[in-house]
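Structure at a glance
This is what each chain is made of:
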Amino acid sequence: MRIGTLTFSDKSITTMYILKSKYLLKDPDNVIENGALLINDGGKIKFAGQFKDIDDADSYKTIDLGNSAIVPGLINTHTHLELTNMHKCINGKGIFTDWIRQLIDAKKDWSESEYTLSIRDGIESSLKSGTTTIVDITRNGIALNELLASNIRKLLFFEIINFDPDTAEDTIKDFKELISGISTDDLLSIGIFPHAPYTVSDKLYRKCRDISEECNIRTATHIAETEDEVEFLTSGAGHFVALLNDFKMLNRWNHPGLSPINYLNNIGFLNNECILIHCNYLTEDEIGVIEKSKSNVVFCPRSHEFFRHKDHPFPSLKDRGINIALGTDSLASNDTLSILDEMKFIRNSYPEIEPNYIFKMGTIAGAVALQMDDCIGQLHPGYYADIAVIEFQDTDVSNIYDGIFSQDSECVLTIVSGEICYDKFEISRKNNFKE
Ligand SMILES: [Zn+2]
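Residues numbered from 1 in each chain as written. Predicted model: local features only at pLDDT ≥ 70, side-chain atom pairs only at ≥ 80, totals over all residues. Heavy atoms only, no water.

1. Section: the coordination of the zinc ion
Condition: The donor set covers N, O and S atoms within 2.8 Å of the metal, switching to 3.2 Å for Na, K and Ca, and it leaves out water, so a site may look short of donors. For four-coordinate sites, all angles between 85 and 135 degrees define a tetrahedron; for four- and six-coordinate sites, opposite donors beyond 155 degrees with the remaining angles between 65 and 115 define square planar and octahedral shapes respectively, and all other cases count as irregular. Secondary structure elements follow DSSP: runs of H or I of four or more residues count as helices, runs of E of two or more count as strands, with numbering from the N terminus. Throughout, exposure labels follow a simple rule: accessible area from a 1.4 Å probe, protein chains only, divided by the maximum for the residue type, with under 20% read as buried, over 50% as exposed, and the rest as partly exposed.
Taken together, His78 (NE2), His80 (NE2), His222 (NE2) and Asp329 (OD) make up the full set of protein donors to the zinc ion, lying 2.0 to 2.8 Å away. Every donor counted, the four donor atoms about the zinc ion form angles of 83 to 166° at the centre, which fits irregular coordination. Motif for the zinc ion, donor spacing along one chain: H-x1-H-x141-H-x106-D. Here His78 is found in strand 6 (residues 74–79), whereas its partner Asp329 is found in the loop between strand 13 (324–326) and helix 12 (339–349), with 251 residues between them in sequence. For the pair formed by His78 and Asp329, the shared burial category is buried.

Encoded structure:
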């Protein structure tokens, strides 16, 4: 799969412009009333502050968003766009390995065009909900071209599955070949994603770590997702044994007798500030390991709810200062691909968590996990103009988060690198913006 270098010059905004609204949230702790952003012709923020402080405002075209909040674009740090059209196809109320069997079965006759459509729908609904950066997992690589055709910012993780240590080398060789023709740019990064400790050998995990260091790419993995996984690693028993036997994957397996995070730490995988997806079942000891290794955790709140897991330990992770970003996971275990919906869900389920912290999980924490916190996740001069505009009915809120997290709030405008990617009310057209 070789792709050429794509440029987005034909899509770029070629003029500087102003966005103004009742509220501007530059970062989760910094709310400005009657705020405005001046966006330069390179798609970056030149000014963020009060509208009245832009001296030469008349020189620029202005989009007046009225009673809305301009906020940093949301970051979805874990999803599988390939599965968007699996919504409500799979029952998650039973055991997790049954969900996996249903998923494999549902996908087995999908054509390439069905995958393409699924990915396209996923990108569209992400942009509609204010997501400006998406971290997608691909199994078959089809997502690459679809994502490249969109101006959304993306980190595409290539998923690695091979439980046989004898062929770990071949898997890495294939991966290297796959990525050799990909040209990354400001909007596209790639990474390596060993799937989970029940589908990837310890040898292959180590090779994934090595290649991430060699190629300077991010690593992530599903970990500590289910109690079944904990049982499989600690005692070599449980539902995963039957599943893997059915797929003839268990031939060379000796269970390590360690819990999931301790296992990854023991094999040396946690060296690279990697991104740990789920972490639903952790011991205090493992939380300490995550803290020490500076790994990032991605919490997928509504997917967690879908599988009826026990309470997530994220408040304890928060207390230890561990970076916790948000993901939607796929629509095979969720109802929308909206990080705004995830934040609202946390606000309702965990009223003790400060709203600005929740907003940080949906923005800055994702940027930190991607090691891009110097250019996305906040609206300061020099940052990319990755922006969501949230509209809410009650405009006299005493706290902006009451509006953002209210039931009726919605994203009405999404901008990536200064380019308008979604405009619900055609506000830009009504402002004569595109003339
Ligand atoms: Zn996942």
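2. Notes on the environment of Lys107
To keep it simple, the criterion reads: Contacts between residues were defined by any pair of non-hydrogen atoms, one from each residue, lying within 4.5 Å.
With respect to the secondary-structure elements, Lys107 resides in helix 1 (residues 96–107). Spatially, the C-alpha atoms of Lys107 and Glu82 are 9.9 Å apart, while their sequence positions differ by 25 residues. Once residues within four sequence positions are removed from consideration, Lys107 is found in contact with Leu83, Met86 and Tyr115.

3. Side note on the confidence of the model for the chain
Quick reminder of the rule: For every residue, the predictor assigns a confidence score, pLDDT, that lies between 0 and 100.
On average, the chain scores 92 in pLDDT, and the residues at 70 or more come to 96%. Within the model, pLDDT remains below 50 along residues 1–12, and this stretch shows 25 contacts once partners closer than five positions in the same chain are excluded.

4. With respect to helix 2 (residues 112–128)
Heads up, the rule is: A helix's residues, less one, multiplied by 1.5 Å, set its expected span.
For helix 2, which comprises 17 residues, the first-to-last C-alpha distance of 25 Å matches the rise-based estimate of 24 Å (1.5 Å per residue) to within 8%. Just beyond helix 2, the residue with positive phi is Gly130, at close to 90°.

5. Brief notes about the pairing of strand 2 (residues 30–39)
Cut-off, in case you're wondering: When DSSP locates at least two bridges between a pair of strands, those strands are taken to pair.
Note: strand 1 (residues 17–27) against strand 2, nine bridges, orientation antiparallel. In the sheet register, Lys20 faces strand 2, and the bridge partner there is Ala36. Taking the residues that link successive antiparallel strands as the turn, the strand 1-strand 2 hairpin has two residues. Taken together, strand 2 and the strand that follows it, strand 3 (residues 45–50), pair antiparallel across an intervening segment of five residues, in which Gly43 is found at a positive phi of about 80°.

6. Considering the packing of aromatic side chains
Each pair of aromatic rings is reported with the distance of its centres and the angle of its planes. Note the cut-off: Only centres within 6.5 Å qualify two rings of Phe, Tyr or Trp (six-membered ring in Trp) as a pair; their planes then separate them into stacked at under 30 degrees, edge-to-face at over 60, and tilted for everything else. Consider the ring centre and the ring normal. A charge sits over the ring if Lys NZ or Arg CZ is within 6 Å of that centre and within 35 degrees of that normal.
Evaluation of the coordinates by the stated rule reveals 18 aromatic pairs. Ring centres 5.1 Å apart and planes at 75° place the aromatic pair Trp110 and Tyr115 in the edge-to-face group. What makes Tyr115 buried here is its relative accessible area of 11%. In this structure, Arg153 packs its charged tip against the face of Tyr384, placed 3.9 Å from the ring centre. We note Lys318 situated over the ring of Tyr357; from NZ or CZ to the ring centre the distance is 4.9 Å.

7. Thoughts on the side chain of Ser406
Note on placement: Ser406 falls in the loop between helix 15 (400–404) and strand 15 (410–416). Setting aside residues up to four positions removed in sequence, Ser406 forms contacts with Lys344, Phe392 and Tyr401.

8. Let's talk about the packing of helix 1 against helix 7 (residues 239–246)
Keep this limit in mind: In this analysis an axis means a line fitted to C-alpha atoms, helices contributing only their contacting stretch, and an angle means the value between N-to-C directions, from 0 to 180 degrees. In this scheme, roughly parallel covers angles under 35 degrees and roughly antiparallel covers those over 145, while 65 to 115 is roughly perpendicular and the rest are oblique. Residue polarity follows a fixed list, in which Ala, Val, Leu, Ile, Met, Phe, Trp, Tyr, Cys and Pro are nonpolar, Asp, Glu, Lys and Arg are charged, and the others, Gly among them, are polar.
Two elements in contact, helix 1 and helix 7, have axes separated by 9 Å at closest approach and are oriented at 25°. By the angle between their directions, the pair helix 1 and helix 7 is classed as roughly parallel. Of the residues in helix 7, those in contact with Phe96, Thr97, Ile100 and Arg101 of helix 1 are His239, Phe240, Ala242, Leu243 and Asp246. In the contact of helix 1 with helix 7, the residues fall into five nonpolar, two polar and two charged.

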